[in-house]
Structures are given as structure tokens and as C-alpha cells.
Amino acid sequence: MWYNNILETIGNTPLVKLNVIPKDIKATVLAKIETTNPGNSIKDRMALKMIEDAEKNGKLKPGGTIIEGTSGNTGMGLAIAAVIKGYKCIFTTTDKQSKEKVDALRAFGAEVIVCPTNVDPEDPRSYYSVSTRLEREVPNSWKPNQYDNPSNTQANYEQTGPEIWEQTEGKITHLIVGAGTGGTISGAGKYLKEKNPAIQVLGIDTYGSVFKKYKETGILDKNEIYPYITEGIGEDFLPKNVNFDVIDHFEKVSDKDAALMTREIARKEGIFAGNSAGSAVAGLLQMKDRFQEGDVVVIIFPDHGSRYMGKMYNEDWLRERGFLKDEKLTARSIIGKQAGQEIVTIDSEESILKAINTIKALNISQIPVTQHEMIIGKITESDILDALLENPALKSHPVKDILTTPFPFVDLNTSIDKISSLINKDNTAVLVEAENGKFKIITQYDIINAISA
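Let me sum up the structure you'll find in this document. Owing to the predicted nature of the structure, the values given are computational and were not obtained by experimental measurement. (Residues numbered from 1 in each chain as written. Predicted model: local features only at pLDDT ≥ 70, side-chain atom pairs only at ≥ 80, totals over all residues. Heavy atoms only, no water.)

1. A short note on the overall build of the protein chain
Then step 1. A count of helical and extended segments in the protein chain gives 15 helices and 16 strands.
Then step 2. Of the contacts made within the protein chain by residues no fewer than 6 positions apart, 69% connect residues no fewer than 24 positions apart.
Then step 3. When the accessible surface of the protein chain is totalled, it reaches about 20700 Å², and 50% of it is carbon and sulfur.
Then step 4. When the 53 positive and 62 negative side-chain charges of the protein chain are each reduced to one mean point, those points stand 2 Å apart. (Helix = DSSP H or I, 4+ residues; strand = E, 2+ residues; numbered from the N terminus. Contact = heavy atoms within 4.5 Å. Areas by Shrake-Rupley, 256 points an atom, 1.4 Å probe, with all protein chains shown as cover. Lys, Arg positive; Asp, Glu negative; His and termini not counted. Charge placed at Lys NZ, Arg CZ, Asp CG, Glu CD.)

Shown next, in the form of C-alpha cells:
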């Protein structure tokens, strides 16, 4: 058997039991692994449905351009379908989305415009507004508008919900889904509740999003809105696809808990899932008292871990945000072993001869160069030697005449592995701002000293 094209492989994703992470939960916990779709996410389902419905109603014409605001996964589904069906794609996204997602969209020939995250949806710079403007300006274009397009919900009503019902033989008691556009939770949830009204539909929200408070109070509270890191769930407005009548409860999960659980899923269950899956499993543990012996809980795992390699699966990224604290040496612990020594700098207007004398007197090999007490560059033994071999008279010249680019700056939480990778023949040290606001320098000697201490 073969498929006529890649679009025919969408759906029929596996349901896999989680055995380690939910060991203290009495219920059976199953993950719906949507990463087996061709675009590695559940959004393939609704992307194809939106296109097919737009073709039927004449909104999307042959040779047209699809324009959409997307965090990446919907764009991927649209881009794959566009390749098969002969459409062009222009996507707008936010600067909080992982680079891997943007690169993946471009790999399918899509144009991607990155917009700022921390602006209101109505702001002309937002990725919603930019996509709307482009739809007006680009001839023969169509904007799916995944947030308000009913085909989003309908795809999950027709596909995801029935698959879960059949795979659990109708035994499902709880559905857990991260809510973003609302199509997955509302569509699958509606189908399952029609089959059994007792099924609980539990939405995962994030801090900085409006869903939970709106569900509980009916108030869209702008004070609830602030930037967050978690990708794929939560919103600062109310998409039409979010059916609050279908959703029984929203559970908020922090950025930190979502990020760390994303990694735990790979390490403990062997499933390489994305950030919203981590958020959903963290929410499962927070809600553990809701589940009893004999319950069957299904969690949607919407996308693949490969799209988060620079974020949730990157230890330095986690440390920079204070999410990860382990036994590895960091910049903080390395400078803590320097016995209080102060960094030596030289002003850019001082002579090269003074720099030579400072290097000799202190038995050091490099000095950061300052201007108005700000570090603007560096001077090293090799810089001085190269300059004097070419022109010995340069001794009386100011240091600024031969300074080179500054040493790289690192965060206090940067790991020793990252610091070591930054130190090379061009950068013999790195700089770090200590908690007291003073700058410290870390050299290869400091790393060796810290390791052997």
C-alpha cells in the first residue's frame, strides 16, 4: 500500500501509555502523539481542513498566496499543503518563537516575517495586524485566521475526537489539552462530550494568558496579560475557536515547570515532545487529585521536540532564565573561586607602553579596554607584539589604536561548557557582571583552577 501524496498521511496518530512520570497517579495516562503527522504536529489536521474548505467556498483560488499569523506549527501544516496544491505562503510570527520553527517554515519555501511579541494584538506591529495588512495588499491572497476559522475546530471534531474515542474503546474519562487557538480542545472535546457528557475536558493555560480567569469569572482582564515564554498555548485575547462551554476547567502552568517537564518527558518516557506537551504533563501532576482508579486520561502531545533545541532542550538557555540549577560549574561558581581579585582594565587613551608595563607587573596576558568606564575592547600580549613588530614607535600611541573587539560577555548562570567553547585564540577570556555590578574576567587558568579546586 502507498499514499498518493504526503497529505494522505495526516491523522491516525498513536496513543501511548505514560509509565514513569505519572506513577503516583492512580489513573491510566495516555499521550496522543501528534508528532507522527508529516509536519510533526497536530496543526496539520486543521491546516489542511482550512485550505480544503476555502477551496470549496472559493476564498482560495488557484495560484493564490496563503497569509497567516502562526507560531510555527500551523504554518508548517499550511506550507506542506501549499507545496502539494501549488500555493505560495507568507507567514508572520513572533520573536518569542524558536529559531527552529522559523527555519522549518522557510525550508518549505515560505516567506516568514518576525514581529515583536510584547505588543497588543491591535498594534500595527503585532503578527496578527501585519498578516491582516498583507492580506489586503497581496493580490489573490487568503488568510486562514486559525483563531476564528471554524474549520480549525471542525477538523478536530471530525478527526482527533473520533480517533481518541475509538483508541480508548470509549473508556476515556478526561481529556487534557493546551489551549491556544482553541481548535483542538474545542473540537475534540465537543465530540467526546457528545459521546459521553461525563468526560472532563481540562484546558492547560499559562501565566500571562487570559483563559483561566475568563472561564471562571467571565471577565477579560487586561491585568492578567504579560509576556511569557511557553509556546503554543495561552492568548491575550479570546479566539472564536475557544468554546468555553466545552472546557470544564483551566489549569495554569508556569514557564519554568513547562520547560523542565518538556525535558523530563524525553528523559523518562522516551518521547521527544514540544513545550506545550511539557506544560500539559506538568498540569496533569498539578491536577492529580482529580483522577481516580479506573480513570483513563488522554493528553494531547501537539508537536515535536526538534523545534525547541535552542530553548527547552538547551541547558544554557534554561540556566540564563534561572530554570535549571545543577552541579555543573557556572560563571557564578568560577568567579566565586577567584578570592576576591578585582578586574584590571586600562583606559583607551592610555599609552601602549603603560599597557606593556601593566601586563609585566601583574603577570597577566590580556586587559579589557575602557572608555568612560565602559568596556569597549581588549588588548592582549599578541596584539601588542604584532603592532610593535610592524612599528616600534607605536609604544607612545594610545591603546585605542590597537585595541580589538571586547571579550564575550556571559551570564552568571552560563555553564563551564559554554564558557570553554567561547575561549579560543581570538578570545582568551570572557567577562561576566557579578551580582554587585562589578565586572569579572574568566580565563582558561580560572577554569582550570575551578575544576581542580
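2. Observations concerning the packing of aromatic side chains
Then step 1. With the rule as written, the count across this model stands at 12 aromatic pairs.
Then step 2. Centre to centre, the rings of Tyr-128 and Tyr-147 are 5.6 Å apart; their planes meet at 75 degrees, and the pair counts as edge-to-face. Placement of the pair is Tyr-128 in helix H4 (residues 127-137) and Tyr-147 in the loop between strand E6 (141-142) and helix H5 (150-167), with a sequence separation of 19 residues. By the burial criterion, Tyr-128 is buried, and Tyr-147 matches it.
Then step 3. Aromatic pair Tyr-128 and Phe-237: ring centres 5.1 Å apart, planes at 75 degrees, arrangement edge-to-face. Of this pair, Tyr-128 sits in helix H4 while Phe-237 sits in the loop between helix H7 (211-217) and strand E9 (249-253), placing them 109 residues apart in sequence. One exposure class covers both Tyr-128 and Phe-237, and it is buried. (Phe/Tyr/Trp six-rings, centres within 6.5 Å; stacked < 30°, edge-to-face > 60°. Buried < 20%, exposed > 50% of the residue type's maximum accessible area, 1.4 Å probe, protein only.)

3. Some remarks on unusual backbone geometry
Then step 1. One non-glycine residue, Asn-145, adopts positive backbone phi at about 55 degrees.
Then step 2. Locating Asn-145 in the fold gives a position in the loop between E6 and H5.
Then step 3. Backbone geometry places Asn-363, a non-glycine residue, at a positive phi of 55 degrees.
Then step 4. Mapping Asn-363 onto the fold places it in the loop between helix H12 (352-362) and strand E12 (366-371).

4. Thoughts on the sheet that holds E12
Then step 1. Read from one edge to the other, the open sheet built from three strands follows the order E11-E12-E13, with strand pairing classed as mixed. Single-partner strands in this sheet number two, and they are strand E11 (346-347) and strand E13 (374-380).
Then step 2. The sheet strands contacting H12 are E11, E12 and E13, and the helix crosses E12 at an angle near 135 degrees. (Pairing = 2+ DSSP bridges. Axes fitted to C-alpha atoms, helices over the stretch in contact; angles between N-to-C directions.)

5. Some words on the pattern of salt bridges
Then step 1. Enumeration according to the criterion identifies 25 salt bridges in this entry.
Then step 2. Arg-45 is the salt-bridge partner of Glu-163, the closest N and O atoms lying 2.9 Å from each other. Taken together, the residues Glu-163 in helix H5 and Arg-45 in helix H1 (residues 43-56) connect sequence positions 118 residues apart. Here Glu-163 and Arg-45 have matching classes, each one buried.
Then step 3. The closest approach of N and O atoms between Lys-252 and Asp-205, which form a salt bridge, is 3.3 Å. Of this pair, Lys-252 sits in strand E9 while Asp-205 is found in strand E8 (residues 200-206), placing the two residues 47 residues apart along the sequence. Of the two residues, Lys-252 and Asp-205, both sit in the buried class. (Salt bridge = Lys/Arg side-chain N within 4 Å of Asp/Glu carboxyl O.)

6. Thoughts on the side chain of His-174
Then step 1. Following the sequence through the fold, His-174 ends up in strand E7 (residues 174-178).
Then step 2. Taking the relative accessible area as the measure of exposure, His-174 reaches 7% and is therefore buried.
Then step 3. Side chain to side chain, His-174 and Thr-173 meet in a polar contact 2.8 Å long.
Then step 4. Sequence-distant contacts of His-174, defined by excluding residues within four places in its chain, comprise Ile-199, Gln-200, Leu-202, Arg-290, Phe-291, Asp-295, Val-296, Val-297 and Val-298. (Polar contact = N/O pair within 3.5 Å; in protein donor to acceptor, adjacent residues only side chain to side chain.)

7. Here we look at the packing of H12 against helix H13 (residues 381-390)
The description of two packed helices rests on the angle between their axes and on the distance between the axes.
Then step 1. Running from amino to carboxyl end, H12 crosses H13 at an angle of 135 degrees, the nearest separation of the two axes being 11 Å. Judged by the inter-axis angle, H12 sits oblique to H13. As H12 runs across H13, the sense of the crossing is left-handed. The segment H12 lies against H13, with Ile-352, Ala-355, Ile-356 and Ile-359 engaging Glu-381, Ile-384 and Leu-388.
Then step 2. Residues of the contact of H12 with H13, tallied by class, amount to six nonpolar, no polar and one charged. (Parallel < 35°, antiparallel > 145°, perpendicular 65-115°, else oblique. Left-handed = near helix turned anticlockwise from the far one by under 90°. Nonpolar A, V, L, I, M, F, W, Y, C, P; charged D, E, K, R; others polar.)

8. Things to note about the side chain of Glu-231
Then step 1. In this structure, Glu-231 sits in the loop between H7 and E9.
Then step 2. Looking at Glu-231, its side chain comes within polar contact range of the side chain of Lys-311, at 2.9 Å.
Then step 3. Contacts of Glu-231, omitting those with residues within four sequence positions, involve Lys-96, Gln-97, Ser-98, Lys-101, Asn-275, Ser-276, Tyr-308 and Lys-311.

9. Description of H4
The periodicity of an α-helix, 3.6 residues per turn, causes residues three or four positions apart to be oriented the same way.
Then step 1. All of the buried residues along H4 are Tyr-127, Tyr-128, Ser-129, Val-130, Ser-131 and Leu-134.
Then step 2. Where H4 is buried, its residues meet strand E3 (65-69), strand E4 (88-94), strand E5 (111-115) and E6.

10. Description of the packing of H5 against helix H6 (residues 183-195)
Then step 1. Here H5 crosses H6 at 50 degrees, and the two axes come no closer than 7 Å. With respect to H6, the element H5 is oriented oblique. Handedness of the H5/H6 crossing: right-handed. Taking contact as the criterion, the partners of Asn-152, Thr-153, Asn-156, Tyr-157, Thr-160, Gly-161, Pro-162, Ile-164 and Trp-165 in H5 are, on H6, Gly-183, Thr-184, Ser-186, Gly-187, Ala-188, Lys-190, Tyr-191, Leu-192, Glu-194 and Lys-195.

11. Details of the pairing of E3
Then step 1. Most of E3 sits inside the fold, with five of its five residues counted as buried.
Then step 2. Going residue by residue along E3, you find Thr-65, Ile-67 and Gly-69 tucked away on one face and Ile-66 and Glu-68 tucked away on the opposite face as well.
Then step 3. Across five bridges, E3 lies against E4 in parallel orientation. By the bridge assignment, Glu-68 is partnered in E4 with Phe-91.
Then step 4. Two elements, E3 and E6, share two bridges in a ladder whose sense is parallel. Looking across to E6, one finds that Thr-65 is bridged to Ser-141.

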